[in-house]
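# Architecture and fold: a report
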Amino acid sequence: MLNPGLAAPDFELPDARMEMVRLGDFRGRHHVVLYFFNRDHSPGGVIEAVEFSDRTSVFRQHDTVVLGVSLDDCMAHEIFCDEEGIEFDLLSDPEGEVSRLYHAVKEWEVQGMVKFGVERSTFVIDKDGVIRHALYHVQPKGHAAEVLSLVKQLGKS
């Protein structure tokens, strides 16, 4: 697991418009809320994305960008954003490389087969690229409000 105080691993992933988004591009300019979720249209995925989206303007007031990452492809993200009115970038990590980098991949066994998926996780990364908060095993309902309160504390420090 990644812990607060560590440098956030840099990465580059495509968004719903297939434009590349690089974490390092926000360094020195914005804090970043980076959250990993299992799937676009899953009940938890909808709840979490909508709750973050509803707070996008408040995150912006605190110089913070929200980025969601899942194993879904860019086209699925585009449809999901349109259907749910998501106002921040969802990034596609189909091979799970970035999800593994952030220790957000879990494995489990079903009927003798090992399966992999994303463990709902969130990282609050400051403008210097340092992880200030690492939250694993996240519950989607109410999570965006909790993260927003953590972001608001960054401005005070």
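Here the structure is shown first, and the text comes after it.
Here's a quick rundown of the structure. As the structure is a prediction and not an experimental result, all values here were calculated from the model.

### Examining unusual backbone geometry
Despite not being glycine, Asp63 shows a phi value in the positive range, around 50 degrees. Judged by relative accessible area, which is 35%, Asp63 ranks as partly exposed. Backbone geometry places His137, a non-glycine residue, at a positive phi of 60 degrees. Note on placement: His137 falls in the loop between β9 (131-136) and α5 (143-156). Its relative accessible area of 54% is what places His137 among the exposed residues.

### A short note on the sheet that holds strand β3 (residues 31-36)
One open sheet accounts for five strands, arranged β5-β4-β3-β8-β9; its pairing is mixed. If you trace the sheet from one side to the other, it starts and ends with β5 (89-92) and β9, each paired once. Sheet twist, expressed as the mean angle between neighbouring strand axes with direction ignored, is 20 degrees. As paired strands, strand β4 (residues 64-70) and β5 are joined by four bridges and run parallel to one another. In the sheet register, Val69 faces β5, and the bridge partner there is Leu91. Here helix α1 (residues 43-54) sits on the sheet and contacts β3, β4 and β8 (121-125); the angle it forms with β3, its principal contact strand, is near 165 degrees. Sheet strands in contact with helix α3 (residues 74-84) are β4 and β5, and its direction is about 160 degrees off that of β5.

How each quantity is defined
Residues numbered from 1 in each chain as written. Predicted model: local features only at pLDDT ≥ 70, side-chain atom pairs only at ≥ 80, totals over all residues. Heavy atoms only, no water. Buried < 20%, exposed > 50% of the residue type's maximum accessible area, 1.4 Å probe, protein only. Helix = DSSP H or I, 4+ residues; strand = E, 2+ residues; numbered from the N terminus. Pairing = 2+ DSSP bridges. Axes fitted to C-alpha atoms, helices over the stretch in contact; angles between N-to-C directions. Contact = heavy atoms within 4.5 Å.

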